[in-house]
Amino acid sequence: MTRSDLAVSIAAMNKYYGNFHALKDIDLRVEPGEKVVVCGPSGSGKSTMIRCINRLEEHNSGLIEVLGIELNDDVGNIDEIRREVGMVFQHFNLFPHMTVLENCVLAPMLVRKTPRAQAEAAAMRYLEKVRIPEQAQKYPGQLSGGQQQRVAIARSLCMEPKVMLFDEPTSALDPEMISEVLDVMVSLASDGMTMICVTHEMGFARRVADRVIFMDRGEIVETADPETFFSAPKNERTRQFLSQVMGH
Amino acid sequence: MTDTSPKRTIANTPPGWFDNVRRRYFPTPIQSVISILGLGLLGWILWTLLNWAVFSAVWDGQASPETCRAAAGACWTVIAQRWRIILFGLYPFDQQWRSALACVVVVAMVVLSCVPAFWAGRRLAAVWVLGTGLFYLLMKGGLLGLPLIGEEKWGGLALTLFIFVATCLIGFPLSIVLALLRRSELPVISKGIGLFIDAVRSLPLLSILFAFAVVVPFMLPGWLQTGKLYRVICGAALFFAAYQAEIIRGGMQGVALGQDEAAKSLGIGYWHRISRIILPQAMRNALPATINQFVISFKETSLVIVVGFFEILASGNAAYGTGDWTFAYREVYAFIALIYFVFVFSLSRYGAYLERRMAVGTF
């Protein structure tokens, strides 16, 4: 497979915050349709890494290509990549001054110039997919955390992205709401979406991931299929992390 | 335990107004005394004011200054005799209907642009272009058989309203530009604009008005040296913008960083992120302070008197200052205060309405 056929290709990428070396020589290739779960202790750089993929963070060296487009200072490239890559955040980040429906149609109308009627029809389709169409006219502040996160997923899907990034999508949720969000993510995965998920939900990783990546101190320490990753981790740091996460 | 015990029944009855008054104002003897004294003082002030303004006042529009001076109360004759000077200043007497109509146009323009149904770019632009054009045609004339009347003759309420509206119309967009530049990622721009804002804010408005009226003309080419009124308005707008920029910047800081990131991740460009995501939320945060700034600016229009413009307060001075009515300054100032109150109070009420309206969808 040539590089431009990959969904995401990261090679020898480094990122510094001042003198702090946040990401060290990251190499990662994600094929179309692949589901990658990234885990690791807090501060290990996993969020920073996926935020580099759509330029919410700027990398200092190395090469990032998304869908064959090089991510560099070219604003046109950045815009093109952001149009094709959706992102779901830990804190949902819905626009509080707009209704759920307005949240969903805003980007398609502004960025893709989709006519309103068409954008609304598509939005309702995706809201049905995340099982929340009856809330379309409400404001985000009137929804529960789990509902808000499902709306956020629908909002991203409205741009018809080819790659979805999830940055700890269930970490800010009350325990009883986690499964409703994970269910939506599982169904998205079964539709063949390319997904890169930073998450601590090991059950989700086992069910859905093609590959699990473990990061620590800014490095990718271990990459394996979920079966191997959970039953026979090679690296000492991975074993330690897994015993802490799975231990209770 | 049953619900029918007498104690329970009493506790569940809402207290009547009489009980409420007794409990709040007369709970102990000392507090009762304080309440009665306070009430007495309030009654006395109210009575004195009413007596001066209504009962002992002279209401006859044709009364002579001598009758008026002899009366115990207010002399409203001066308003009847001199209201046209107060409202229109030096504007030629037989043309003053134009000035009055111009005031109506400005007020209508402001009221229309305060109605949510007009909050669309094209409608708002139409209201402003039409309103400003009509105001100009009426005030300045020189067209359609209306005699030309220069800005130096403008005065009174029309001038006050014109200076205020023009200041806000120039100053508000400028304040948004300044606030955005202040947040620029380029240190040269953000620091430079920060320095500029701080510099303007550390000068008194009076000195800025003076500078724009008197000093700036020396630095301009000859054809720009006329139009003192417009230079003064530019000075006032700059001052307004410096303060309002910091208010808007404060509002922007209250918008979570994640909002901008979410918009970026959806591929939304800079201008749309600012206009659709950041600014609407920032303005909601900044609304109380913004209304405050508008109120202050309205009252600060009276400072243009120092560079020789007869806005409403200066026209009031002229109304009692000449001839027979020099003793009647209280009545003139009370009348002007009432006019200020009507405008500023409406502004505050409108602010309160906006706050209620914008509260929709808040967390």
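Preceding block: the structure.
These figures come from a predicted structure and were not determined experimentally. (Residues numbered from 1 in each chain as written. Chains lettered and ligands numbered in written order. Predicted model: local features only at pLDDT ≥ 70, side-chain atom pairs only at ≥ 80, totals over all residues. Heavy atoms only, no water.)

Draft legend 1. Broad picture of a nonpolar patch on the surface. Residues B:L206, B:F210, B:V214, B:V215, B:F218, B:M219, B:I305 and B:V306 make up a contiguous nonpolar surface patch of about 770 Å² in total accessible area. Of note, B:M219 is situated in the loop between helix 10 (205-215) and helix 11 (228-253). (Patch = residues over 30% accessible without salt bridge, like charges linked within 9 Å, V, L, I, M, F, W, Y side chains within 5 Å. Areas by Shrake-Rupley, 256 points an atom, 1.4 Å probe, with all protein chains shown as cover. Salt bridge = Lys/Arg side-chain N within 4 Å of Asp/Glu carboxyl O. Helix = DSSP H or I, 4+ residues; strand = E, 2+ residues; numbered from the N terminus.)

Draft legend 2. Representation of the packing of aromatic side chains within the structure. Taken as a whole and judged by the stated rule, the model has 19 aromatic pairs over all chains. Between B:W154 and B:F162, the ring centres sit 5.5 Å apart and the planes meet at 80 degrees, which makes this aromatic pair edge-to-face. Each of the two residues, B:W154 as well as B:F162, counts as buried. Members of the aromatic cluster, each reached through a chain of ring pairs, are B:F135, B:Y136, B:W154, B:F162 and B:Y230. Above the face of the A:F95 ring, A:R155 is positioned so that its terminal group lies 4.5 Å from the ring centre. (Phe/Tyr/Trp six-rings, centres within 6.5 Å; stacked < 30°, edge-to-face > 60°. Buried < 20%, exposed > 50% of the residue type's maximum accessible area, 1.4 Å probe, protein only. Lys NZ or Arg CZ within 6 Å of the ring centre and 35° of its normal.)

Draft legend 3. Looking closely at the pairing of strand 8 (residues 194-198) of chain A. Residues and elements named next belong to chain A. For strand 8, a buried count of 5 out of 5 residues is recorded, marking the element as mostly surrounded by other parts of the structure. Here strand 8 shows two buried faces, one formed by T194, I196 and V198 and the other by M195 and C197. Judged from the 4 bridges that link them, strand 3 (residues 35-39) and strand 8 form a sheet pairing that is parallel. Bridging across to strand 8, V36 finds its partner in I196. Of the pairings in the sheet, the one linking strand 7 (residues 163-167) to strand 8 comprises 5 bridges and is parallel in character. Across the sheet, F166 pairs through a bridge with C197, a residue of strand 8. Regarding the hand of the β-α-β motif, the stretch spanning strand 7, helix 6 (residues 175-190) and strand 8 is right-handed. (Pairing = 2+ DSSP bridges. Right-handed = clockwise from strand over helix to strand, strands pointing away.)

Draft legend 4. Expanded view of the sheet that holds strand 6 (residues 85-88) of chain A. Residue and element names in this part refer to chain A. One open sheet accounts for 6 strands, arranged 6-7-8-3-9-10; its pairing is mixed. Two strands close off the open sheet at either side, each with one partner strand: strand 6 and strand 10 (219-224). Averaged over all pairs of adjacent strands, the angle between strand axes in this sheet comes to 20 degrees, irrespective of strand direction. (Axes fitted to C-alpha atoms, helices over the stretch in contact; angles between N-to-C directions.)

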